[in-house]
Amino acid sequence: MEKRKKNAVIRAVEIMKLEFFAKRFNVPVKRLSWALIVSENEDAEVETTAAILIKGDNNIFIDILNDRFMPMMNICGCKTTAYIATFNHVRAGFKFVAGKEEKFLSCDEIESVYRNKIYSPSLNDEAEKLN
């Protein structure tokens, strides 16, 4: 079990690079920056999303945990604001900070989203066990 966690950290660190997302989404790396997307709905509930902004495109961003492009939505009483964030690798994951806004993504969260989307020897070993 400990070996699996160690491998998950290694994969998460490899994934959480702008270069990885540039290749995955076919966007030049120089156009990407770490970000926080803060959405407030009509009931004043706030949700913060770790994301990647695409410089020059104010309408879409990359949602890291959903592994897809998402639109900026300001409809039906919802207000969405994008902030360029600093990004730091900390012991158990990754911390995004933009002013007073913060978001933490654990290595396990990253691993669970991307583990079946990129090749790794452990993925091959798991598939072999299923045969």
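Residues numbered from 1 in each chain as written. Predicted model: local features only at pLDDT ≥ 70, side-chain atom pairs only at ≥ 80, totals over all residues. Heavy atoms only, no water.

Enquirer: Go over the overall build of the chain, please, and point to the residues and values.
Expert: When you go through the chain residue by residue, the secondary structure sums to 4 helices and 8 strands. From first element to last, N terminus to C terminus, the chain shows the α and β order α-α-β-β-β-β-β-β-β-β-α-α. With respect to the three principal axes, the spread of C-alpha positions in the chain is 50 × 30 × 30 Å. Within the chain, the proportion of its 131 residues that are buried is 37%. By sequence separation, contacts in the chain at least 24 residues apart represent 47% of the contacts at least 6 residues apart. Summed over its atoms, the accessible surface of the chain is roughly 8,400 Å², and 52% of this surface lies on carbon and sulfur atoms. (Helix = DSSP H or I, 4+ residues; strand = E, 2+ residues; numbered from the N terminus. Buried < 20%, exposed > 50% of the residue type's maximum accessible area, 1.4 Å probe, protein only. Contact = heavy atoms within 4.5 Å. Areas by Shrake-Rupley, 256 points an atom, 1.4 Å probe, with all protein chains shown as cover.)

Enquirer: Hey, could you go over the packing of aromatic side chains for me, with residue numbers and the actual values?
Expert: Considering all chains together, one arrives at 9 aromatic pairs under this definition. Judged by centre distance (4.9 Å) and plane angle (70°), the rings of Phe25 and Phe69 are edge-to-face. Of this pair, Phe25 sits in helix H2 (residues 18-25) while Phe69 sits in strand E4 (residues 68-71), placing them 44 residues apart in sequence. Among the residues examined, Phe25 registers a relative accessible area of 12% and is labelled buried. A relative accessible area of 36% means that Phe69 is categorised as partly exposed. When the centroid spacing of 5.7 Å and the interplanar angle of 5° are considered together, the rings of Phe87 and Phe94 count as stacked. (Phe/Tyr/Trp six-rings, centres within 6.5 Å; stacked < 30°, edge-to-face > 60°.)

Enquirer: Account for the sheet that holds strand E6 (residues 86-90), with residues named and values stated.
Expert: The 3 strands are arranged E6-E7-E8 in an open sheet whose pairing can be described as antiparallel. Bordering the open sheet on either side are E6 and strand E8 (101-106), each of which pairs with just one other strand. The mean angle between the axes of side-by-side strands here comes to 20°, regardless of whether they run parallel or antiparallel. Where E6 and strand E7 (residues 93-98) come together, 5 bridges link them in antiparallel fashion. When the bridges of E7 are listed, Thr86 appears paired with Val97. (Pairing = 2+ DSSP bridges. Axes fitted to C-alpha atoms, helices over the stretch in contact; angles between N-to-C directions.)

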